[in-house]
Amino acid sequence: MAAQNSTNVEKETPVVRPRTAARLAAVQAIYQIKMTGGASADIIEEFILFRLPVVNDSLGLGAADVQLFKDLASGTASQLSSLDKLIGSALSREASADRLENTLQAILQVGVFELTSSLKTPIEVVISEYVDLTHAFYEKRTAALVNGILDKLATVRKQEKFG
């Protein structure tokens, strides 16, 4: 039996995804803002100073894009009411945004904010990122719901832009 040559074994390099890390942190910040009722500016600052480095090290996504995190978290926090209306418009008549589980609400709120904001992220990337984030917390069915809501709102966005 031949000995395995250690030089042929490739080490796995962690995938650095600073924008994904920023999106995840923004969802967590929005969740905390909603659950604690704390001031959004204070919670966002706390994340930047204390939580982003810890979260990023533990998940292996690399350092978060701090500017994207700030844009997403502060923009979402300032528009929660209008974002919930948009989310509600994409749900069935029997459902409403406030009846969704808190983590799911935060994922959708940040996702819809990014989708409708002027951050210039391609629609397909926004949808893919938030569906992936949903998979980290929920089963396929919930990820499909997020995909459906974001896709429906993206279609409306495209129609308003080009229609």
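Residues numbered from 1 in each chain as written. Predicted model: local features only at pLDDT ≥ 70, side-chain atom pairs only at ≥ 80, totals over all residues. Heavy atoms only, no water.

1. What about the overall build of the protein chain?
Moving on, step 1. Within the protein chain one finds seven helices and zero strands.
Moving on, step 2. When the helices and strands of the protein chain are placed in sequence order, the string is α-α-α-α-α-α-α.
Moving on, step 3. Across the 163 residues of the protein chain, 40% fall into the buried class.
Moving on, step 4. A separation threshold of at least 6 residues defines the contact pool for the protein chain, and within that pool the share at least 24 residues apart is 70%.
Moving on, step 5. About 9700 Å² of surface is accessible on the protein chain, with carbon and sulfur atoms providing 54% of the total. (Helix = DSSP H or I, 4+ residues; strand = E, 2+ residues; numbered from the N terminus. Buried < 20%, exposed > 50% of the residue type's maximum accessible area, 1.4 Å probe, protein only. Contact = heavy atoms within 4.5 Å. Areas by Shrake-Rupley, 256 points an atom, 1.4 Å probe, with all protein chains shown as cover.)

2. Considerations on the pattern of salt bridges
Moving on, step 1. All told, the structure shown has five salt bridges when counted by the stated rule.
Moving on, step 2. Across the pair E129 and R23 runs a salt bridge, and its minimum N-O distance is 3.4 Å. Of the two residues, E129 sits in helix α6 (residues 123-137) while R23 sits in helix α1 (residues 18-36), which places them 106 residues apart along the sequence.
Moving on, step 3. E129 sits in the buried class, given a relative accessible area of 10%.
Moving on, step 4. On the accessibility criterion, R23 (1% relative accessible area) is buried.
Moving on, step 5. Notably, a salt bridge pairs R51 with E46, separated by 2.9 Å at the nearest N-O pair. (Salt bridge = Lys/Arg side-chain N within 4 Å of Asp/Glu carboxyl O.)

3. Looking at α6
Moving on, step 1. Under the 1.5 Å per step criterion, the end-to-end length of α6 is 22 Å for 15 residues, consistent within 8% with the ideal 21 Å.
Moving on, step 2. Among the residues of α6, those classed as buried are I123, V126, I127, E129, Y130, V131, L133 and T134. (Expected span 1.5 Å × (residues − 1).)

4. Some points on the environment of A63
Moving on, step 1. Within the secondary structure layout, A63 lies in the loop between α2 (40-59) and α3 (66-78).
Moving on, step 2. Put simply, A63 and P53 are 10 residues apart on the chain and 6.7 Å apart in space, counted from C-alpha to C-alpha.

5. Some thoughts on the nonpolar core
Moving on, step 1. One finds F69 and Y130 to be the most contacted residues of the largest nonpolar core, which totals 48 residues.
Moving on, step 2. If you list the elements that add at least two residues to this core, you get α1, α2, α3, α4 (80-90), α5 (102-116), α6 and α7 (140-162).
Moving on, step 3. It is α1 that contributes the most residues to this core, nine residues altogether.
Moving on, step 4. Beyond its immediate sequence surroundings of up to four residues, F69 is in contact with A22, A25, A26, A29, I44, F47, I48 and L52. (Core = buried A, V, L, I, M, F, W, Y, C linked by side-chain atoms within 4.5 Å.)

6. Comments concerning the environment of V125
Moving on, step 1. With respect to the secondary-structure elements, V125 resides in helix α6.
Moving on, step 2. Taking the C-alpha atoms as reference points, V125 and L115, 10 residues apart in sequence, are found 9.4 Å from one another.

7. Considering the side chain of Q105
Moving on, step 1. Tracing the sequence through the fold places Q105 in helix α5.
Moving on, step 2. Under the relative-accessibility criterion, Q105 is labelled buried at 8%.
Moving on, step 3. Reaching out from Q105, the side chain makes a polar contact with the backbone oxygen of L100 at a distance of 2.9 Å.
Moving on, step 4. Contacts of Q105, omitting those with residues within four sequence positions, involve K34, A97, D98, R99 and L100. (Polar contact = N/O pair within 3.5 Å; in protein donor to acceptor, adjacent residues only side chain to side chain.)

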